[in-house]
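# Survey of secondary and tertiary structure
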Amino acid sequence: MKIISQLSEEQKIAFLAAFAKLAAADGKIDEEEKIFIKDAALTYGLPEKRVEEIWKNRSLPELLNLVKIIDNRQAALLLIKEMCFLAHADEKLSDNETLLIGQIGEALGVDLDKIQQISNWVIDRIIWLERGKLIFEEV
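First things first, this report covers the structure right here in the doc. Please read these numbers as outputs of a predicted model, since none were measured by experiment.

Definitions and cut-offs
- Residues numbered from 1 in each chain as written.
- Predicted model: local features only at pLDDT ≥ 70, side-chain atom pairs only at ≥ 80, totals over all residues.
- Heavy atoms only, no water.
- Helix = DSSP H or I, 4+ residues; strand = E, 2+ residues; numbered from the N terminus.
- Rg over C-alpha atoms; globule rule 2.2 N^0.38 Å.
- Buried < 20%, exposed > 50% of the residue type's maximum accessible area, 1.4 Å probe, protein only.
- Contact = heavy atoms within 4.5 Å.
- Phe/Tyr/Trp six-rings, centres within 6.5 Å; stacked < 30°, edge-to-face > 60°.
- Core = buried A, V, L, I, M, F, W, Y, C linked by side-chain atoms within 4.5 Å.
- Axes fitted to C-alpha atoms, helices over the stretch in contact; angles between N-to-C directions.
- Parallel < 35°, antiparallel > 145°, perpendicular 65-115°, else oblique.
- Left-handed = near helix turned anticlockwise from the far one by under 90°.
- Nonpolar A, V, L, I, M, F, W, Y, C, P; charged D, E, K, R; others polar.
- Salt bridge = Lys/Arg side-chain N within 4 Å of Asp/Glu carboxyl O.

It is worth spelling out the overall build of the chain at this point. Helix and strand content of the chain: seven helices and zero strands. Across the chain, helices and strands are ordered from the amino to the carboxyl terminus as α-α-α-α-α-α-α. For a compact globule of 139 residues, the expected C-alpha radius of gyration is about 14 Å, and the chain comes in at 15 Å, within 12% of that figure. If you line up the chain on its principal axes, its C-alpha atoms span 45 × 35 × 30 Å. Relative to its 139 residues, the chain shows a buried fraction of 42%. In the chain, 77% of the contacts between residues at least 6 apart in sequence involve partners at least 24 apart.

Here's what the structure looks like:
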């Protein structure tokens, strides 16, 4: 959270615009994805009047140029992690989502091996949490 609070409003919009593009990558935006992005915007302190900018219809090249303003390595890695979580929110990881995460990661200077490590960590965490639900008999 501290990392995101240090970003400018423009960088926060770029961060969240990547989420919006990812949410639409599979051809539809699920309610869970919309909620995730809106909650993230509010959590990251983006002013309410600027939230709509996240959903602006950008081409892929426009988005890749936009995310390049995120010049903080920790924020770039966090974006990849959060995108991996979002991609798994609907329990279906499409090829388009995977490709977009890779393209954004590369635009941010994150190599594909690091992106794969982050993705594997996210998957392991999801499995771990699901296993915990079974162990503790949570419905």
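Before going further, it helps to spend a moment on the packing of aromatic side chains. Overall, the coordinates contain four aromatic pairs when judged by the stated rule. Judged by centre distance (6.1 Å) and plane angle (80 degrees), the rings of phenylalanine 85 and tryptophan 121 are edge-to-face. Taken together, the residues phenylalanine 85 in helix α5 (residues 73–87) and tryptophan 121 in helix α7 (residues 112–135) connect sequence positions 36 residues apart. Residue class for phenylalanine 85 comes out buried when judged on its relative accessible area of 18%. On the basis of relative accessibility, which here comes to 44%, the residue tryptophan 121 falls in the partly exposed class. Among the aromatic residues, ring-to-ring pairing joins Phe15, Phe19, Phe36 and Tyr44 into one connected group.

With that out of the way, let us pick up the nonpolar core. Counting 44 residues, the largest nonpolar core has Phe15, Phe19, Leu79 and Ile104 as the members making the most contacts within it. Put simply, the parts of the chain that give this core at least two residues each are α2 (9–24), α3 (31–43), α4 (60–67), α5, α6 (95–107) and α7. Top element by residues in this core is α5. It accounts for eleven residues. Not counting chain neighbours up to four residues away, the residues in contact with leucine 79 comprise Phe15, Ala18, Phe19, Ile70, Ile104 and Leu108.

Once that is clear, we can look at unusual backbone geometry. Residue glutamate 137 is not a glycine yet carries a positive backbone phi of 50 degrees. Within the secondary structure layout, glutamate 137 lies in the segment after α7.

Between α2 and α6, the least distance of the axes is 9 Å, while the angle of their chain directions is 155 degrees. Judged by the inter-axis angle, α2 sits roughly antiparallel to α6. In this structure, α2 meets α6 at a crossing whose hand is right-handed. Within the contact between the two elements, α2 uses Ala18, Lys21 and Leu22 and α6 uses Glu97, Leu100, Ile101 and Ile104. Of the residues belonging to the contact of α2 with α6, the class tally is five nonpolar, no polar and two charged.

If the charged atoms of two oppositely charged side chains come close together, the side chains can form a pair. The full count for this structure, using the stated rule, is five salt bridges. Close ionic contact of glutamate 53 with arginine 50 constitutes a salt bridge, the shortest N to O distance being 2.7 Å. For glutamate 53, a relative accessible area of 31% puts it in the partly exposed group. On the basis of relative accessibility, which here comes to 13%, the residue arginine 50 falls in the buried class. As a salt-bridge pair, glutamate 130 and lysine 133 come within 3.2 Å of each other at their nearest N and O atoms. Of this pair, glutamate 130 and lysine 133 both sit in helix α7, three residues apart, roughly one helical turn. With relative accessibility at 36%, the residue lysine 133 sits in the partly exposed group. One salt-bridge network, held together by shared partners, links Glu9, Glu10, Arg50 and Glu53.

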